[in-house]
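Residues per chain, in single letters:
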Amino acid sequence: QVQVAESGGGLVQSGGSLNLACTVSGSGFRTDVMGWYRQAPGKQRQLVARQASGGSTYYADSVKGRFTISRDNAKNQVYLQMNNLKPEDTAVYYCNVEGRTTMSLRVVYYWGQGTQVTVSS
């Protein structure tokens, strides 16, 4: 069974910083892409940043230059350093993992339970 656990959310003032962490545990699959999504009240979940196992990254335009994604492949962890936070960054942030099962190479996706980030003005 695979488990995805996020941590690091909280309340911060505009201009502040937070660092989110996500740990993936379990066996029987190989992690390929790890990323972060967010969902604000009344809005659709949107991709914030993602990083492939080889290191290539993608950022949403709204967070470029402020957020940095990184991962520790040995520990199966992914991080999101968020600087210069704005009220519009307020959302529940979800860790997403894309991988393949080691036996059949079937593509699998896993989600964490989410962590709340609130930025006050």
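Everything numeric in this text was worked out from a predicted model, so none of it was measured.

Q: For this particular structure, what's the right way to read the sheet that holds strand β3 (residues 18–25)?
A: Two pairing modes exist for strands in a sheet, parallel and antiparallel, and in both the strands are linked by backbone hydrogen bonds. Taken together, the four strands give an open sheet; going across it, the order is β1-β3-β8-β7, and neighbouring strands pair in antiparallel fashion. On the outer flanks of this sheet lie β1 (3–7) and β7 (67–72), each paired with one strand and no other. Neighbouring strand axes in the sheet, compared pairwise and without regard to direction, differ in orientation by 15° on average. Relative to β3, β1 runs antiparallel, the two sharing five bridges. Considered in β3, the bridge of Ala5 is made with Thr23.

Q: I would appreciate a short explanation of the packing of aromatic side chains in the present structure.
A: The relation between two aromatic rings is expressed through the spacing of the ring centres and the mutual angle of the planes. Overall, the coordinates contain three aromatic pairs when judged by the stated rule. Each residue in the set Tyr37, Tyr94 and Trp111 is aromatic and connected to the rest through ring pairs, giving one cluster. Positioned above the aromatic ring of Tyr94, the side-chain terminus of Arg45 is 3.7 Å from the ring centre. One cation-aromatic arrangement involves Arg45 over Trp111; the distance from NZ or CZ to the ring centre is 4.7 Å.

Calculation notes
- Residues numbered from 1 in each chain as written.
- Predicted model: local features only at pLDDT ≥ 70, side-chain atom pairs only at ≥ 80, totals over all residues.
- Heavy atoms only, no water.
- Pairing = 2+ DSSP bridges.
- Helix = DSSP H or I, 4+ residues; strand = E, 2+ residues; numbered from the N terminus.
- Axes fitted to C-alpha atoms, helices over the stretch in contact; angles between N-to-C directions.
- Phe/Tyr/Trp six-rings, centres within 6.5 Å; stacked < 30°, edge-to-face > 60°.
- Lys NZ or Arg CZ within 6 Å of the ring centre and 35° of its normal.

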